[in-house]
Amino acid sequence: MVEFPPPVRRITPNGSPNVVDPADRQGMPEPIARATRPSYGPERLRIDGVSIHYAGTERPAVNAVTLPVRQGEVLALIGPSGCGKTTLLRSLNRLVELTPGASRQGRILLDGEDVDHLEITRLRRRVSMIFQQPNPFPMSIFDNVAYAIREQAMRRPGKAALMPRVETALRRAGLWDEVADDLGRPALRLSGGQQQRLCIARALAVEPDVLLMDEPCSALDPISTGVVEELIHELRENLAIVIVTHNLAQARRVGDHVAFMYLGDLVEYAPTEELFTRPRADRTREYVQGSFG
Amino acid sequence: MSTAPTTGGPRATPPGRRQRLLGELRLWRPLDLLGVVAAWTVGALLLLVAASLLLYMGIKGLQYVSLDLLITRPQPGADQSETGGILDPILGTLMIIAIATAIALPLAVGAALWIVEYSRPRWLARVVESGIEVIAGAPSIAIAIFGLAIFQLPIFSWASFSAADGGGVFGRSFIAAGSVMSLIALPSIFATTREALQSVPRHVREASYGLGKTKWATIRRVLLPTVKPDIATGTALGMGRIAGDTAIIVLLLGATLQLQAGSGIPGVGTLQGTGSTLTSYVYNNSPTGEGNAPEKAYAAAFVLMLLIIGLNLLVAGIGRRRAGTDLPR
């Protein structure tokens, strides 16, 4: 294992003594217990000492992160650019494996089962993902959702058979009323906000247990952002949601728990209000107060 | 000179477009002005060349072409009134295009998919890629003579006919010419497909993988429909090159006046046999060729031109059908 300098020096080149002591990080899982509220469901996803390296870089993109993701809660990952939050998110459904040279240590447990032991296509249907850039396929609205549902079966189900599930998914994503009159329209003709909600519908159509969102609103205007955030509020009843965001206000609005990452390290994990009002680490306080980032 | 902003501000009388353009041109630097004039001149000249070619061929062609010419078979004869029409070359052209495209299209699209989506083993991918580039750059006469050497091998005796006494394999047939001709179309289909695949953003693939789709499902249901218009463009280009090639026809199809079956089996016999295309017909009938029947050469060239334009329109039409709404199920 490569020895990494503690993040302290890199964080504050001016030498101010705000420090996340490695010993402090050691005790990180502790606040988890404190944060557990009865309204949360059981733990669905457990990130257990996950480190991710990219070939050719000395420092790991993610360094020994441990986090729980519970049913019915939104976990917001925040931190400055390059802190590894997106990499961590992409590792949860093993999408990070598509990047050449990426390797992961540590375990990710989905309902207690190691994701490495699950078939990858099955894993990605249970843990589905929304991307930063709305990325509908160049097909019709209907086909975008239907494509997600269709299994690789010999006999492909017809349009009529798929319609109820497509409608359910579009309704859950709050898009049905806007597109119901013409589902044959090309998805790329929709507005950016509608496209993103179509992507959410597509991800919901596979009936996932966990929804991963990688800055889902960064390409959207404020109104669309509001719609998507509202949606996140509604969806978390039935799903565990992990959202990566650059937008602190958004993390505060949608997150139940917030994890602050810096240079690959998990600096602090706490219930949202606690992290924003009474951060324990100085680094976190500086970040949430906008001193750097 | 007015200092008012060129956009916005209301004016009493808005100047005409022409005046505005001239006013703008006066602000340009002389060298830029010269560049614009030069660019327009060159563009107009090229357009003039293309237009006069089409016009000349059109006038000449319409002068000599007739329905009779299109539907009668060519005959040997000493006088032009006896030599018949161009039915066989038309059929030959269409057959060669069909055979060569049928071979080239799956090969080229498959190769492009493999190069872009898999690319393993890497060294082999590099070899294939540069191999296709070499084919693209090779003169078709060189490809033709190589093809002839191949198809004269005894193991290809089924592809053409052999001398009755068990002698050498003739090596010239629709199968031989079509197969070798596929190499002419392959690079353009490959290149357009590869470029289109490379331009599909990574996040589109990730969206599909993120839904738990396999690589093959992603290729079949997302990538291929996305790049379909580009495949069509490449195919249209390739078909044009096939229809326009003469060297391979002369060497590998025999360039015989009529379709001549290579064996008695119906259908297959024709494929094993020789024939001609419009290009070889034009060559043989042009003043420099053996026939010296420029009227028929013009008519055939005109038909060839129409054929290529028609094919382009057809394929472009297929490709332009939006990938959005008619995704294969």
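Position numbers for residues start from 1 in each chain and track the written sequence from start to end. Each chain takes a letter, starting from A, and each ligand takes a number, starting from 1, following the order in which they are written. Restriction of local features to residues with pLDDT of at least 70 applies here, the model being predicted, together with a cutoff of 80 or more for giving and counting side-chain atom pairs; totals for whole chains, interfaces and linings are based on all residues. Side-chain calculation: all heavy atoms of the structure are included, whereas hydrogens and water are not.

### A closer look at the overall build of chain B
Strands are runs of DSSP state E lasting at least 2 residues, helices are runs of H or I lasting at least 4, and numbering of each runs from the N terminus. Helices and strands together make up the secondary structure of chain B, namely 13 helices and zero strands. Listing each helix as α and each strand as β along chain B from the N terminus yields α-α-α-α-α-α-α-α-α-α-α-α-α. Only protein chains enter the area calculation, which uses a 1.4 Å probe; residues under 20% of their type maximum are buried, those over 50% are exposed, and those in between are partly exposed. Sorting the 329 residues of chain B into buried and exposed places 39% on the buried side. Contacts in chain B between residues at least 24 apart in sequence constitute 67% of all its contacts with a sequence separation of at least 6. Here a residue-residue contact requires only that any non-hydrogen atoms of the pair lie within 4.5 Å.

### Focus: the interface of chain B and chain A
Counting residues at the interface gives 23 residues for chain B, matched by 31 residues for chain A. When two parts are brought into contact, each loses some accessible area as probed by a 1.4 Å sphere; the total of that loss over both is the buried area. The junction of chain B with chain A conceals about 2300 Å² of combined surface from both sides, 58% of it contributed by carbon and sulfur atoms. For Arg90 of chain A, the salt bridge goes to Glu206 of chain B, with nearest N and O atoms at 2.7 Å. Under this definition, polar contacts are N or O atom pairs within 3.5 Å; protein pairs additionally need one hydrogen-donor-capable and one acceptor-capable atom, and for neighbouring residues in sequence, both atoms have to be side-chain atoms. At the junction of chain B with chain A, the criterion picks out six residue pairs in polar contact (both at pLDDT 80 or more). Counting residues per element, the side of chain B that touches chain A draws most heavily on helix H8 (residues 202–210) of chain B, at eight residues. Three classes are used, and their members are as follows: Ala, Val, Leu, Ile, Met, Phe, Trp, Tyr, Cys and Pro are nonpolar, Asp, Glu, Lys and Arg are charged, and the others, Gly among them, are polar. The residue makeup of the side of chain B that touches chain A, split by class, is eight nonpolar, nine polar and six charged. Any carboxyl oxygen of Asp or Glu that lies within 4 Å of a side-chain nitrogen of Lys or Arg is treated as forming a salt bridge with it.

### As for the confidence of the model for chain B
Residue and element names in this part refer to chain B. Scored by pLDDT, chain B has a mean of 84; 89% of the residues are at 70 or more. Of all helices and strands in chain B, the one with the weakest mean pLDDT is helix H1 (residues 17–26) (78), whereas helix H4 (residues 87–118) scores best (94). For every residue, the predictor reports its confidence as pLDDT, a number between 0 and 100. Below a pLDDT of 50 lies the segment residues 1–10, which in the model reaches two contacts outside its immediate sequence neighbourhood of four places, other chains included. Low pLDDT, under 50, characterises residues 322–329; the predicted model gives this stretch 22 contacts beyond four residues in sequence or across chains.

### Topic: the packing of aromatic side chains
Two aromatic rings from Phe, Tyr or Trp, using only the six-membered ring of Trp, form a pair when their centres are within 6.5 Å; if the ring planes differ by under 30 degrees the pair is stacked, by over 60 it is edge-to-face, and anything between is tilted. Counted by the stated rule, this structure contains six aromatic pairs over all chains. Considering the side-chain rings of Phe137 of chain A and Tyr147 of chain A, the 5.0 Å spacing of their centres and the 80° angle between planes classify their relative orientation as edge-to-face. Residue Phe137 of chain A is located in the loop between strand S6 (127–130) and helix H6 (141–149), and its partner Tyr147 of chain A is located in helix H6; the two are separated by ten residues in the primary sequence. Taken as a pair, Phe137 of chain A and Tyr147 of chain A share a single burial class, namely buried. Ring geometry for Phe156 of chain B versus Trp158 of chain B: centroids 6.0 Å apart, planes at 50°, classification tilted. On the accessibility criterion, Trp158 of chain B (47% relative accessible area) is partly exposed. Feature note: the residues Tyr56, Tyr64 and Tyr298 of chain B constitute an aromatic cluster, connected by ring pairs. Charge-over-ring contacts are defined here by two conditions on Lys NZ or Arg CZ: a distance within 6 Å of the ring centre and an angle within 35 degrees of the ring normal. When the ring centre of Tyr147 of chain A is taken as origin, the NZ or CZ atom of Lys213 of chain B, which lies over that ring, is 4.8 Å away.

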